[in-house]
Every structure is written in C-alpha cells, then in structure tokens.
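Structural features, examined
Chain by chain, the residues run as shown.
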Amino acid sequence: MAIEIERRFLVRKDVRRFCRDGVRIVQGYLPSDGENTVRVRLAGDHGTITVKSRRRGLCREELEYPIAADYAARLLRESCREGLIEKTRYRVTYGGLCWEIDVFEGDNAGLVIAEVELSHPDQLVPLPGWVGAEISHVAAYSNSSLSRTPIRRWVAAA
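Attention in this report is confined to the structure presented alongside it. Treat the numbers as computed from the prediction; the structure is a model and nothing was measured. (Residues numbered from 1 in each chain as written. Predicted model: local features only at pLDDT ≥ 70, side-chain atom pairs only at ≥ 80, totals over all residues. Heavy atoms only, no water.)

Looking now at the overall build of the protein. When helices and strands are tallied, the protein shows three helices and nine strands. Reading the protein from its N terminus to its C terminus gives the helix and strand order β-β-β-β-β-α-β-β-β-β-α-α. By principal-axis analysis of the C-alpha atoms, the protein measures approximately 40 × 40 × 35 Å. The buried share of the protein, reckoned over its 158 residues, is 44%. A fraction of 58% describes how many contacts in the protein between residues 6 or more apart in sequence connect residues 24 or more apart. Taken as a whole, the protein presents about 8800 Å² of accessible surface, with 51% of it coming from carbon and sulfur. (Helix = DSSP H or I, 4+ residues; strand = E, 2+ residues; numbered from the N terminus. Buried < 20%, exposed > 50% of the residue type's maximum accessible area, 1.4 Å probe, protein only. Contact = heavy atoms within 4.5 Å. Areas by Shrake-Rupley, 256 points an atom, 1.4 Å probe, with all protein chains shown as cover.)

Here you go:
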C-alpha cells in the first residue's frame, strides 16, 4: 500500500503563462464507509479507481488501479451519487519538485489549487510566489468535499 504525503495551497496569482499541456480530468466518488474515499477518475483517456484512507496529518494510505476508460465513464455516469469534479491539471516544476496545478471548472469554476507530493512529512518545500494560503488541513477543499459542496454553493450561502 502506498502512502500519499502532500501539501495543498490555493493559487493566488494567474499561472496561465506557465501552464501548458494540461490533462482534462473528470472524477467522482462512490458511496463508502465514511472512513475511506473511493474515487473514480477519467484523466484524458485513462481510467483509474483509487481508495484513500482518512488523512492523518499530511499522510494517508492510497491504492490506485487502472480501469478501462469506458468503464470509468460508466461509473461516473451511473454510480457517483454526488457531483462530479471537473478540472484541468497542469504539472509545473519548481524548487526541484513537481507541482500539480488544478484549474477547476463547472460548479467549482474559479478555484485553482496547487499540490505537491513529498517524500516525508517534514520535507522542506520551497514555495513559489504564486501560492497563497495552505489548505492541506482544510477538509472543505478536498476534492471529495468539493464534489458534495462545490464553491458555487459557498458563494450562494454567504
């Protein structure tokens, strides 16, 4: 079982100038026991199903398996009960690390999140000038939460 260690940040500046060759992602979540999340993802023409444990600090267990793209599309259409996450992901290298920048669409349009995976929880991370507030521990910004309560609803409730 793999351990995912990541930090996540809101993006505070326009990053379009260095976002090239993005991959369109549609993902949703299957009903689960509340302790784990089960994600179905279609990234370009590649399907995956991923099981993630509850986060403990910056870490969580993760199992990911490839599935056929047409099966992923069917699961997204028929089995993911909450809203779908639609985004384009860009990879940008900064400070020797690969940052993934997600530009959200649909009900989460306007949201841009950058995340970086680490080797260990105490790893020093040089922060690019375009990142803002860290949201690693803010559950509302997790993709599974955004599928249930997208930011469009946050604005409407305010």
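From this point, the discussion proceeds with the structure in view.
If you look at the biggest cluster of nonpolar residues, it comprises 19 residues, and the most contacted ones within it are Trp99, Ile101, Ala114 and Trp130. Those elements that place two or more of their residues in this core are strand 1 (2–11), strand 6 (85–94), strand 7 (97–104) and strand 8 (112–117). Of all hydrophobic cores here, the second largest spans 10 residues; its members include Leu30, Val38, Ala72 and Cys80. (Core = buried A, V, L, I, M, F, W, Y, C linked by side-chain atoms within 4.5 Å.)

Turning next to the pattern of salt bridges. A full pass over the atoms with the stated rule returns 19 salt bridges. One salt bridge in this structure joins Glu105 and Arg24, with 3.5 Å as the shortest N-O distance. You can see Glu105 sitting in the loop between strand 7 and strand 8 and its partner Arg24 sitting in strand 2 (residues 23–30), a full 81 residues away along the chain. Take Glu105: its relative accessible area is 24%, and that puts it in the partly exposed class. With relative accessibility at 37%, the residue Arg24 sits in the partly exposed group. Members of the salt-bridge network, linked through shared partners, are Arg8, Lys87, Arg89, Arg91, Glu100, Asp102 and Glu115. (Salt bridge = Lys/Arg side-chain N within 4 Å of Asp/Glu carboxyl O.)

Another aspect to go through is the layout of surface pockets. For the largest pocket, the calculated volume is near 1000 Å³. Along the wall of the largest pocket there are 46 residues; nearest its centre are Tyr29, Thr37, Lys52, Arg60 and Ser144. Of all elements in the fold, only strand 1, strand 2, strand 3 (36–43), strand 4 (46–53), strand 5 (59–67), strand 6, strand 8 and helix 2 (143–148) reach the threshold of two or more residues within the lining of the largest pocket. With six residues, the single largest contributor to the lining of the largest pocket is strand 3. Taken together, the residues of the lining of the largest pocket sort by class into 10 nonpolar, 15 polar and 21 charged. (1 Å grid on protein atoms, 1.4 Å probe; cavity = no way out; pocket = protein on both sides within 12 Å on 5 of 7 lines; lining within 4 Å. Points joined across faces, edges and corners; volume = space filled by probe spheres on them. Nonpolar A, V, L, I, M, F, W, Y, C, P; charged D, E, K, R; others polar.)

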